[in-house]
Amino acid sequence: MNLKRLGIYLNDHLLGSTVGVDLACRTEHENRSNPVGASLSSLIPLLEQDRATLLAVMSALEVKPDPLKVGGAWVVEKLSRLKLNGSWLRYSPLSRLVELEGLCVGSHGRVSLWKSLEKVAAKDPRLARFDFAFLAERADGQLLTLQNLRLRATEAAFMDTSVETGEQVPAPTEA
């Protein structure tokens with residue numbers, strides 16, 4: 001097993017996990033009054049568990065977290081807030097959509113991570129205590145939830161419907 005490449009891979013996923021948890025927290029905060037916020041409030045502890053599991057895997061393999069990648073994750077998450085969303089001073093329906101898309105991408109990554117580690121674990125007894133099949137299945141279910149939320153957010157962003165109900169809402173008037 002090439003531990004150097006595996007260490008790089010795990011650190012890349014640690015960066016993604018750090019960004020993902022921060023993004024989920026920010027998105028939940030901005031959507032506390034709707035189903036997106038409610039779903040994310042129950043998803044965030046699982047994302048934090050997955051990050052802790054990743055760190056435990058790294059520890060079991062004696063892979064040290066790369067401080068540049070962890071610090072870089074903080075910068076990436078903060079820079080992601082600078083996207084143009086059609087509203088300079090407030091959160092917009094486009095913000096919600098783009099953030100949910102980012103969380104979907106991260107969930108795809110987690111499914112892939114756990115499936116890859118399941119393969120590695122078959123040849124490395126240090127990983128026997130981790131149930132990677134369960135983690136992959138759980139991440140896949142989370143991805144499904146996020147994709148459904150993303151589709152509702154698409155309607156709210158582009159078809160003037162409410163993210164709460166899916167019903168038409170009046171378009172804002174130009175001042």
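Treat the numbers as computed from the prediction; the structure is a model and nothing was measured.

(A) Focus on the confidence of the model for the protein. With 81% of its residues at a pLDDT of at least 70, the protein reaches an overall mean of 87. Taking the mean pLDDT of every element in the protein, the minimum, 70, falls on helix 3 (residues 67-80) and the maximum, 97, on helix 2 (residues 35-60). For the stretch residues 168-175, pLDDT sits under 50, and the model shows 7 contacts to residues farther than four places along the chain or on other chains.

(B) Up close: helix 5 (residues 132-158). Look at helix 5: 38 Å from first C-alpha to last across 27 residues, which is about the 39 Å you get at 1.5 Å a residue. Buried residues of helix 5: Phe 132, Leu 135, Ala 136, Arg 138, Ala 139, Gln 142, Leu 143, Leu 146, Leu 149, Ala 153, Thr 154 and Ala 156, and no others. Summarising the contacts, the buried residues of helix 5 are in contact with helix 2 and helix 4 (93-121). Directly beyond the C-terminal end of helix 5, a positive phi value near 50 degrees is found at Asp 160.

(C) Representation of the environment of Gln 142 in the model. Following the sequence through the fold, Gln 142 ends up in helix 5. The residues touching Gln 142, leaving out its near neighbours within four places in the chain, are Leu 43, Leu 46, Leu 47, Asp 50 and Arg 110. There is a polar contact of 2.7 Å between the side chain of Gln 142 and the side chain of Arg 110.

(D) Highlighting the nonpolar core. If you look at the biggest cluster of nonpolar residues, it comprises 20 residues, and the most contacted ones within it are Leu 10, Val 57, Trp 114, Leu 117, Leu 127 and Phe 132. Mapped onto this core, the elements with two or more residues apiece are helix 1 (3-30), helix 2, helix 4 and helix 5. The element best represented in this core is helix 4, accounting for 5 residues. Sequence-distant contacts of Leu 127, defined by excluding residues within four places in its chain, comprise Val 57, Ala 60, Leu 61, Val 120, Ala 121 and Phe 132.

(E) How the structure looks around the packing of aromatic side chains. Scanning all chains against the criterion turns up 2 aromatic pairs. Relative to Phe 132, the ring of Trp 114 has its centre 6.0 Å away and its plane inclined at 20 degrees; by these criteria the two rings are stacked. Here the residue Trp 114 occupies a position in helix 4, and Phe 132 occupies one in helix 5, the gap between them amounting to 18 residues. In terms of burial, Trp 114 and Phe 132 fall into one category: buried. Note on Phe 130 and Phe 132: the rings are 5.6 Å apart at their centroids and 25 degrees apart in plane angle, and the pair reads as stacked. Each member of the pair, Phe 130 as well as Phe 132, is classed as buried.

(F) Just the side chain of Ser 17, in detail. Mapping Ser 17 onto the fold places it in helix 1. Excluding residues within four positions of it along the chain, Ser 17 makes contact with Arg 51 and Leu 54.

(G) Spatial organisation of unusual backbone geometry. Its identity is not glycine, yet Glu 62 carries a phi of approximately 60 degrees, on the positive side. Position of Glu 62 relative to the elements: it lies in the loop between helix 2 and helix 3. The exposure class assigned to Glu 62 is exposed, which follows from its relative accessible area of 65%.

(H) Up close: helix 2. In a regular helix each residue adds 1.5 Å, so 26 residues correspond to 38 Å; helix 2 covers 38 Å between its end C-alpha atoms and thus fits that length. Its axis deflected by about 30 degrees at Leu 43, helix 2 carries its strongest bend there, up to four residues before the proline Pro 45. All buried positions along helix 2 are accounted for by Val 36, Gly 37, Leu 40, Leu 43, Ile 44, Leu 47, Asp 50, Thr 53, Leu 54, Val 57, Met 58 and Ala 60. Elements that come into contact with the buried residues of helix 2 comprise helix 1, helix 4 and helix 5. The backbone nitrogen of Val 36 lies 2.8 Å from a side-chain oxygen of the residue at the head of helix 2, namely Asn 34. A positive phi of about 60 degrees marks Glu 62, the residue just after helix 2.

Reading the values: the criteria
Residues numbered from 1 in each chain as written. Predicted model: local features only at pLDDT ≥ 70, side-chain atom pairs only at ≥ 80, totals over all residues. Heavy atoms only, no water. pLDDT = per-residue confidence, 0-100. Helix = DSSP H or I, 4+ residues; strand = E, 2+ residues; numbered from the N terminus. Contact = heavy atoms within 4.5 Å. Expected span 1.5 Å × (residues − 1). Buried < 20%, exposed > 50% of the residue type's maximum accessible area, 1.4 Å probe, protein only. Polar contact = N/O pair within 3.5 Å; in protein donor to acceptor, adjacent residues only side chain to side chain. Core = buried A, V, L, I, M, F, W, Y, C linked by side-chain atoms within 4.5 Å. Phe/Tyr/Trp six-rings, centres within 6.5 Å; stacked < 30°, edge-to-face > 60°. Bend = angle between axes of the 7 residues up to and from the residue.

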